[in-house]
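Coordinate inspection notes
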Amino acid sequence: MIKMIVLDVDGTLTDGSITFIHTNNGIYESKSFNTKDGLGIALWIKNGGLVSIISGRKCHLTEQRAKELGVHEIHLGIDDKVKCLEEIIKKYHLSPQNLACIGDDLNDLGMYEFCKYSFAPSDASARNLSKATFITKARGGRGAVREMIEMLNAMQG
């Protein structure tokens, strides 16, 4: 049974765009998160599921969005996502058989091998598309995470 979903951010929870805005007061970053993905995550948590975000990039906007949604584990600026997952499953007394992940690029392939199920948004890299257990119809940042959650819910009854 899948107890925890593991989410990449850029290209998965977002469309992969990072916008920098320059003003007289400095340079600011902007990202867009899909509300359908957000509701799916919130419902997964409400129904007793665990959520981890593991991203290779540090970003306060990601941290803010994850906290709004009640995400259990937020790990940003991570080079070795599998090592991070190993620590998370120890903390929650889980095994890789309890995990499903979604990611869109090469730095997510280790998670694909570690977790029971791996998902790729339809616009993921070609290598990710060839290695994923499932490919969503939705693109990253356009409901791919929500689709993953709905597929998991259907599989688990």
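Note: the structure precedes this text.
Structure report, in brief. (Residues numbered from 1 in each chain as written. Predicted model: local features only at pLDDT ≥ 70, side-chain atom pairs only at ≥ 80, totals over all residues. Heavy atoms only, no water.)

1. Some remarks on the nonpolar core
What counts, and what does not: Only buried residues count toward a nonpolar core, which is a set of Ala, Val, Leu, Ile, Met, Phe, Trp, Tyr and Cys residues joined through side-chain atoms within 4.5 Å. Here the term buried applies to any residue with accessible area under 20% of the maximum for its type, exposed to any over 50%, and partly exposed to those in between, with areas from a 1.4 Å probe on protein chains only. For helices the rule is a DSSP run of H or I covering at least 4 residues; for strands it is a run of E covering at least 2, with both sets numbered from the N terminus onward. Whether two residues are in contact is decided by their heavy atoms: any pair within 4.5 Å suffices.
Counting 22 residues, the largest nonpolar core has I5, L7, I41, I53 and L152 as the members making the most contacts within it. At the level of secondary structure, the elements contributing two or more residues to this core comprise β1 (4-7), α1 (35-46), β4 (50-55), α2 (60-69), β6 (99-102) and α6 (144-156). Per-element tally for this core: the top contributor is α6, with five residues. Dropping the residues within four chain positions of it, L7 is found in contact with L13, I41, V51, S52, I53, I54, I102 and V145.

2. Topic: a negative patch on the surface
Keep this limit in mind: Residues enter patches when they are more than 30% accessible in relative terms and free of salt bridges; like-charged ones are connected within 9 Å and nonpolar ones (Val, Leu, Ile, Met, Phe, Trp, Tyr) within 5 Å. Computed with a 1.4 Å probe, the accessible areas rest on the Shrake-Rupley method; for each residue, only the protein chains presented here act as cover. Here a salt bridge means any side-chain nitrogen of Lys or Arg lying within 4 Å of a carboxyl oxygen belonging to Asp or Glu. Residues scored as charged are limited to Lys and Arg (positive) and Asp and Glu (negative), so that His and the chain ends carry no count. Taken as the charge centre is NZ of Lys, CZ of Arg, CG of Asp or CD of Glu, depending on the residue.
Together, D79, D80, E86 and E87 line one region of the surface with negative charge. You can see D80 is positioned in the loop between β5 (73-76) and α3 (81-92).

3. Re the pairing of β6
To keep it simple, the criterion reads: Only when DSSP finds a minimum of two bridges between them are two strands counted as paired. Classification remark: right-handed applies to a crossover when, strands pointing away from the viewer, the course from the first strand over the helix to the second runs clockwise.
Alternating residues of β6 divide into L99 and C101 and A100 and I102, and every residue in both groups is buried. Bridge count for β1 against β6 is four bridges, and the pairing is parallel. Across the sheet, residue M4 finds its bridge partner in β6, namely L99. Relative to strand β7 (residues 117-120), β6 runs parallel, the two being bridged by three bridges. Bridged to C101 within β7 is S118. What joins β6 to β7 is helix α4 (residues 109-114), and the crossover it makes is right-handed.

4. Some details on the side chain of N34
Here is the rule we go by: We define a polar contact as two N or O atoms separated by no more than 3.5 Å, with the added condition that, inside protein, one atom must be a possible hydrogen donor and the other a possible acceptor, whereas residues neighbouring each other in sequence contribute only through side-chain atom pairs.
Of note, N34 is situated in the loop between β3 (26-30) and α1. Classification of N34 as buried rests on a relative accessible area of 16%. A polar side-chain atom of N34 sits 3.2 Å from the main-chain amide nitrogen of D37. Contact partners of N34, with chain neighbours within four places excluded, come to L13, R65, G141, R142 and G143.

5. Examining the packing of aromatic side chains
Definition in use: The aromatic pairing rule takes the rings of Phe, Tyr and Trp, using the six-membered ring of Trp, and pairs them if the centres are within 6.5 Å, calling planes under 30 degrees apart stacked, those over 60 edge-to-face and the rest tilted.
Within this structure, the stated rule accounts for two aromatic pairs. Residues Y117 and F134 carry aromatic rings whose centres are separated by 5.7 Å and whose planes lie at 55° to one another, so their mutual orientation is tilted. Pair noted here: Y117 is in strand β7 and F134 is in strand β8 (residues 134-135), with a separation of 17 residues, a long-range link. A relative accessible area of 22% places F134 in the partly exposed class. An aromatic cluster of three or more residues is present, and its members are Y117, F119 and F134.

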